[in-house]
Amino acid sequence: LPLCFPQKLWKMLESDQFRSIWWSEGGKCVAINKDLFKVEVLGRGVCQRVFNTRHIKSVIRQLNLYGFTKVRRDFQRSASLPEFLAEEAAASAHSQILYYYNTSFNRAHPWLLGMCKRR
């Protein structure tokens, strides 16, 4: 039986094979490095493909269909110019990382995975 999207996602997160996707917030959120994910996961050949797509937008659509919500990262900005510029550079690099949350997708509670249903 083929795995559904949340099951594939869980297996990827629990595998040490992927550097572009990981658990964050103590196992409550999924973090995806967008550029690395495009190469590492979506750029695979047909035989090694995890998802039936080569587009990050399709993966994001699947996340939304299964009830994941995007988590926004807000940064406090410093008043001094050098600190502000350093924080801007860090925030720019950080913007390549997407965070998604679903109450039924929690590393500490694997039995909730069955509650992740497509809308």
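Placed above this text is the structure.
Numbering of residues starts from 1 in every chain and runs along the sequence as written. Reporting in this predicted model follows two pLDDT cut-offs: at least 70 for local features of residues, and 80 or more for side-chain atom pairs to be given and counted; totals over whole chains, interfaces and linings ignore these cut-offs and use all residues. Here the side-chain values reflect all heavy atoms present in the structure, with hydrogen atoms and water set aside.

## What to know about the overall build of the protein chain
Just so we agree on the cut-off: Helix and strand definitions follow DSSP, with helices as H or I runs of at least four residues and strands as E runs of at least two, each counted in order from the N terminus. Burial status follows relative accessibility: with a 1.4 Å probe on protein chains alone, a residue under 20% of its type maximum counts as buried, one over 50% as exposed, and anything between as partly exposed. Throughout, a residue-residue contact means that at least one pair of heavy atoms, one from each residue, lies within 4.5 Å.
Each helix and strand in the protein chain was counted, giving four helices and four strands. Secondary structure elements in the protein chain, listed N-terminal to C-terminal, are α-β-β-α-α-β-α-β. Looking at the protein chain as a whole, 34% of its 119 residues qualify as buried. For the protein chain, contacts bridging at least 24 residues in sequence account for 57% of all contacts bridging at least 6.

## Points about the side chain of asparagine 102
Rule in force here: As used in this structure description, the phrase polar contact means that two N or O atoms lie within 3.5 Å; if the pair is within protein, one of them must be able to donate a hydrogen and the other to accept it, and residues adjacent in sequence are counted only when both atoms belong to side chains.
Within the secondary structure, asparagine 102 is located in the segment after strand S4 (97-101). In terms of polar contacts, asparagine 102 uses its side chain to reach the backbone carbonyl oxygen of tyrosine 66, at 2.8 Å.

## Remarks on the packing of aromatic side chains
Applied cut-off: Pairs were defined over the aromatic rings of Phe, Tyr and Trp, the Trp ring being its six-membered one, requiring ring centres within 6.5 Å. Orientation was assigned from the angle between planes: stacked under 30 degrees, edge-to-face over 60, tilted for the rest.
On inspection of all chains with the given rule, the structure shows seven aromatic pairs. Relative to phenylalanine 105, the ring of phenylalanine 68 has its centre 5.1 Å away and its plane inclined at 65°; by these criteria the two rings are edge-to-face. Residue phenylalanine 68 is found in the loop between helix H3 (56-65) and strand S3 (69-70), and its partner phenylalanine 105 is found in the segment after S4; the two are separated by 37 residues along the sequence. Residue phenylalanine 68 shares its accessibility class with phenylalanine 105, and that shared class is buried. Connected via pairs of aromatic rings, a cluster forms that spans Phe5, Phe37, Phe51 and Tyr66.

## A word on the sheet that holds strand S2 (residues 29-33)
Put simply, the rule reads: At least two DSSP bridges between two strands are needed for those strands to be called paired. In this description, a line fitted to the C-alpha atoms serves as the axis of each element, helices being fitted only across the stretch in contact, and the angle between N-to-C directions of two axes falls anywhere from 0 to 180 degrees.
Reading across from one edge, S1-S2-S4-S3 is the order of the four strands in this open sheet, with antiparallel pairing throughout. Edge positions in the open sheet fall to strand S1 (21-24) and S3, since each of these has one partner strand only. Pairing of S1 with S2 involves four bridges; the strand directions are antiparallel. Directly across from serine 24, in S2, lies its bridge partner cysteine 29. The strands touched by helix H1 (residues 5-14) within the sheet are S1 and S2, with S1 carrying the most contacts at an inclination of about 85°.

## Here we look at the environment of serine 24
Residue placement: serine 24 occurs in strand S1. For serine 24, a relative accessible area of 9% corresponds to the buried category.

## Overview of H1
Test applied: This arc corresponds to the set of directions leading from the helix axis out to the C-beta atoms.
Among all positions of H1, only Phe5, Pro6, Leu9, Trp10, Met12 and Leu13 are buried. Buried residues of H1, seen end-on, are gathered within an arc of 160° and therefore sit on one face of the element. Looking at the packing, one finds that the buried side of H1 touches S1, S2, helix H2 (34-40) and H3.

## Quick word on the pattern of salt bridges
Spelled out, the test is: The salt bridge definition used is simple: a Lys or Arg side-chain nitrogen within 4 Å of an Asp or Glu carboxyl oxygen.
The tally for this structure, following the rule as stated, stands at one salt bridge. Here glutamate 14 and arginine 107 are joined by a salt bridge, their closest N and O atoms 3.0 Å apart. Of this pair, glutamate 14 sits in helix H1 while arginine 107 sits in the segment after S4; the two residues are 93 residues apart in sequence, bridging distant segments of the chain. We classify glutamate 14 as partly exposed; its relative accessible area is 39%.

## Regarding the nonpolar core
We apply this condition: Take the buried Ala, Val, Leu, Ile, Met, Phe, Trp, Tyr and Cys residues and link them wherever side-chain atoms come within 4.5 Å; each set so joined is a nonpolar core.
If you look at the biggest cluster of nonpolar residues, it comprises 25 residues, and the most contacted ones within it are Leu9, Ile21, Phe37, Phe51 and Phe105. Of all the secondary-structure elements, those providing two or more residues to this core are H1, S1, S2, H3 and S4. Ranked by residues supplied to this core, first place goes to H1 with five residues. Look past the residues within four positions of leucine 9 in its chain and what remains in contact with it is Ile21, Val30, Leu63, Phe68 and Phe105.

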